[in-house]
Amino acid sequence: MTVTQVQPPTAAPPTGLRAKARIVAAPDGRGGTALPVLAGDGPLALRRLRPCGRQARVCLVGAMSAPLGGDVLGLSADVRDGAALRLQSAAATLALPGRTGEPAVYDTRLTVGDGAELRWLPEPLISVRGSDLRLTTRADLAPGARLVLREEQVLGRAGEPPGRLVTRLTVRRAGRPLLDQELRSGPGTPGWDGAAVLGGHRAVGQLLVVDAGFADRPVAARALGATASLTPLAGPAVLVGAVAPDALSLRRVLDSVLREMDAVL
């Protein structure tokens, strides 16, 4: 009698790229901020920029085309107590179609300690026709942390419809929820382009500023023109949401509020 051993099925190989980047910012003991960890692979290349005062600065450089369908990308930044970090990107991120039709995943996790500040100011994400991306950003803040976070999405390049895009932003301060919102757009999402959501606009973004100073200097809710608004949050924090016909118009709105918030605080 012949006995044949049946091998268990092997997991299917990943169909896309897997890449991670990690940043740790900590006080350097001389009034500035050191970067003891600055590591990225694949398309997530990190470059150290000239510091500004106590603030360390890092630029995310796209070393190759990503995210494509099937890619899984992860970025984490840990700003420890008393440190200050500005994180930016060199150019817009293009969400591109893949070969298999699988969605891409891009997960960003931010941690900011007491007396620390993080300014997360990337260039826009452009949702290209035929792409499918799940973009999540999660921030955990200490009670004395300051966060300035800007997100911008452009739905389609010039003259083309967008791909499918799901973005979610979750922020917790002192262990309690501060903000949790999700936006879905593109093919297969009912009503995303209607008057209740984007109203025909192709650029959408938000600016979140979390600062304990808002407790003593509260900001009133107000409209910022016809397609943007400023809303105070119980955090204390301020959220600006805006839609615009293009990326340049959107950036102008968000930058004007950021300058105002920096002057107030």
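Here goes a summary of the coordinates provided. Quantities reported herein were computed from a predicted structural model and do not represent experimental measurements.

This next bit is on the layout of surface pockets. Reported here for the largest pocket is a volume of approximately 380 Å³. Looking at the lining of the largest pocket, the elements with two or more residues in it are strand 12 (146–155), strand 13 (164–173), strand 14 (176–185), strand 15 (203–210), strand 17 (228–233) and strand 18 (237–244). Classifying every residue of the lining of the largest pocket gives 10 nonpolar, nine polar and three charged. By volume, the second largest pocket amounts to about 270 Å³. Mapped onto the lining of the second largest pocket, the elements with two or more residues apiece are strand 4 (55–62) and strand 7 (93–95). For the lining of the second largest pocket, the leading source of residues is strand 4, giving three residues. Of the residues belonging to the lining of the second largest pocket, the class tally is 14 nonpolar, four polar and no charged.

Before going further, it helps to spend a moment on the nonpolar core. In terms of nonpolar packing, the biggest core is built from 49 residues, with Ile23, Leu85 and Leu118 touching the most fellow members. In this structure, Ile23 is in contact with Leu35, Val37, Leu38, Leu46, Val58, Leu75, Ser76, Ala77, Asp78, Leu85 and Leu87, ignoring residues within four places of it in sequence.

Enumeration according to the criterion identifies one cavity of 30 Å³ or more in this entry. By volume, the largest cavity amounts to about 230 Å³. Surrounding the largest cavity, 17 residues form its lining, Trp120, Pro122, Glu123, Leu125 and Leu135 being those nearest its centre. Breaking the lining of the largest cavity down by element, the ones donating at least two residues are strand 8 (104–112), strand 11 (132–141) and strand 12. With four residues, the top contributor of residues to the lining of the largest cavity is strand 12. Among the residues forming the lining of the largest cavity, the class breakdown is eight nonpolar, five polar and four charged.

Criteria and thresholds
Residues numbered from 1 in each chain as written. Predicted model: local features only at pLDDT ≥ 70, side-chain atom pairs only at ≥ 80, totals over all residues. Heavy atoms only, no water. 1 Å grid on protein atoms, 1.4 Å probe; cavity = no way out; pocket = protein on both sides within 12 Å on 5 of 7 lines; lining within 4 Å. Points joined across faces, edges and corners; volume = space filled by probe spheres on them. Helix = DSSP H or I, 4+ residues; strand = E, 2+ residues; numbered from the N terminus. Nonpolar A, V, L, I, M, F, W, Y, C, P; charged D, E, K, R; others polar. Core = buried A, V, L, I, M, F, W, Y, C linked by side-chain atoms within 4.5 Å. Buried < 20%, exposed > 50% of the residue type's maximum accessible area, 1.4 Å probe, protein only. Contact = heavy atoms within 4.5 Å.

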